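Each chain, written out:
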Amino acid sequence: MVVGHFLKWVHTARVPERAAAASALARAYVDSQLPFKDRCAAESALTLLLEDPSSKVRLALAEALSMSRHAPPQVMAALAADQPEIASLVLARSPLFTDADLIDRVAASVGQVQAVIAGRPFVSMALSAAIAEIGEPEACTALITNAGADIASLTFRRITERFGDLAKVRNALLADARLPSDCRHALLVKVGEALRQSPLVSALIGSGRAERVTREACIKASMTLVDTISLEEHAALVEHLRLRGDLTAAFIVRLVAHGKIDFFGSVLIALTTHGEGRVKSLLAGGRDVALSALFRAAGLAPAMHDVILCALKVWREVANGKRLAGAQEVSRLMLEQLGGQAADGDLARLLRSIHLDALRANARGHALAISAA
């Protein structure tokens, strides 16, 4: 009877009154133990209120029903398809929506609503994958920054592929500790590409030099990346570099000169048929002949063997506590193996470049230490 009076009254009431009445009826429906007949009548009234021309009335419904497990499913489905302000409210809160429901809403919605779904307290791996595949940049950024989102490595890779060129998405990805190492490297490359293609950079230093500078910057960034990842991620990053064509002789020489021997071992494992235990054993204490055979199996040019062996001996002594050395000394010794500063050829030029970079880095660190004292 009360619902009947409500339905007669609602057609003539003003908007604020209708909104207040809709909210009261919705709260009574989810909070009270209404008799079955009254509950059916109330549900019918709530369903009818979906047709109210005022968004304020529908918003009042959404606010009252959005967090209840007992809300009428047909009402919640309609509110989820309403205008963004109303849809966002129920899609952010309601526990009634399944992954399938939410994926459908992602496909049918704009960025604002997609972002709300991506920011739910818990986002499953399946829903994360759907957002990565069809979501707009705003939604993907919200997903990445949501600590409650379960994101697979493949999902991170898809977002990197789709939106790694956009600074906001790229920054969110790089700030996430869960991001796989190959995605980090791909994003570093994208930054380099963006700089290389910048009209300002090309105008200032020329396109040829811009390409060379950005390539060198990407290589150095890749070297830094190696220090930030776990041993378990080495194989994935090596494979990523190999597929991109970035696993070059120059990169391998830089690895050894800078003492990244564990990663060098992962490279050798990927390039040969030798097992992990065998490679690690050889790097830790293998004889020169055995190591040279390993390098040949990996396809390393014979000219590289002696300089790599020279560096390995130094890093072994460092690891055993018998010596203090860094990239500056090791690169100098590698260069001396080729004949010193007067040596010519691509390998010698590379080692001179590595040595000069190490000198600059050490001098800068020394200067900063003095200024901080």
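Residues numbered from 1 in each chain as written. Predicted model: local features only at pLDDT ≥ 70, side-chain atom pairs only at ≥ 80, totals over all residues. Heavy atoms only, no water.

1. Some thoughts on the pattern of salt bridges
Two side chains bearing opposite charge may form a pair once their charged atoms approach each other closely. Enumeration over the complete set of coordinates arrives at 18 salt bridges. Residue Lys260 is joined to Asp227 by a salt bridge in which the shortest nitrogen-to-oxygen separation is 2.7 Å. Taken together, the residues span a long stretch of sequence, with Lys260 in the loop between α17 (249-257) and α18 (261-271) and Asp227 in helix α15 (residues 207-228) at a distance of 33 residues. You can call Lys260 buried: its relative accessible area is 11%. Residues Arg323 and Glu317 are paired through a salt bridge, measuring 3.1 Å at the closest nitrogen-oxygen approach. Given a relative accessible area of 27%, Arg323 falls into the partly exposed group. (Salt bridge = Lys/Arg side-chain N within 4 Å of Asp/Glu carboxyl O. Helix = DSSP H or I, 4+ residues; strand = E, 2+ residues; numbered from the N terminus. Buried < 20%, exposed > 50% of the residue type's maximum accessible area, 1.4 Å probe, protein only.)

2. Focus on the side chain of Arg352
Mapped onto the fold, Arg352 is located in helix α23 (residues 346-372). Asp344 is the oppositely charged side chain nearest to the buried, salt-bridge-free Arg352, at an N-O distance of 4.9 Å. Here Arg352 is in contact with Leu335, Gly340, Gln341 and Ala343, once residues within four sequence places are set aside. (Lys, Arg positive; Asp, Glu negative; His and termini not counted. Contact = heavy atoms within 4.5 Å.)

3. Observations regarding helix α12 (residues 167-174)
For α12, the set of buried residues is Val169, Arg170, Ala172 and Leu173. In an axial view of α12, the angular spread of the buried residues amounts to 165 degrees, which keeps them on one side of the axis. (Arc of directions from axis to C-beta.)

4. Notes on the confidence of the model for the chain
Of all residues in the chain, 91% have pLDDT values of 70 or greater, and the mean over the chain is 87. No element of the chain has a lower mean pLDDT than helix α14 (residues 199-205), which averages 62, and none a higher one than helix α10 (residues 137-144), which averages 96. (pLDDT = per-residue confidence, 0-100.)

5. Quick notes on the packing of α10 against α12
For the pair α10 and α12, the least separation of the axes is 9 Å and the interaxial angle reads 15 degrees. As far as their axial angle goes, α12 and α10 are roughly parallel. With respect to the hand of their crossing, α10 and α12 are arranged in left-handed fashion. Residues Pro137, Thr141 and Ile144 of α10 form the contact with α12, whose own contacting residues are Lys168, Val169, Ala172 and Leu173. A per-class count over the contact of α10 with α12 returns five nonpolar, one polar and one charged. (Axes fitted to C-alpha atoms, helices over the stretch in contact; angles between N-to-C directions. Parallel < 35°, antiparallel > 145°, perpendicular 65-115°, else oblique. Left-handed = near helix turned anticlockwise from the far one by under 90°. Nonpolar A, V, L, I, M, F, W, Y, C, P; charged D, E, K, R; others polar.)

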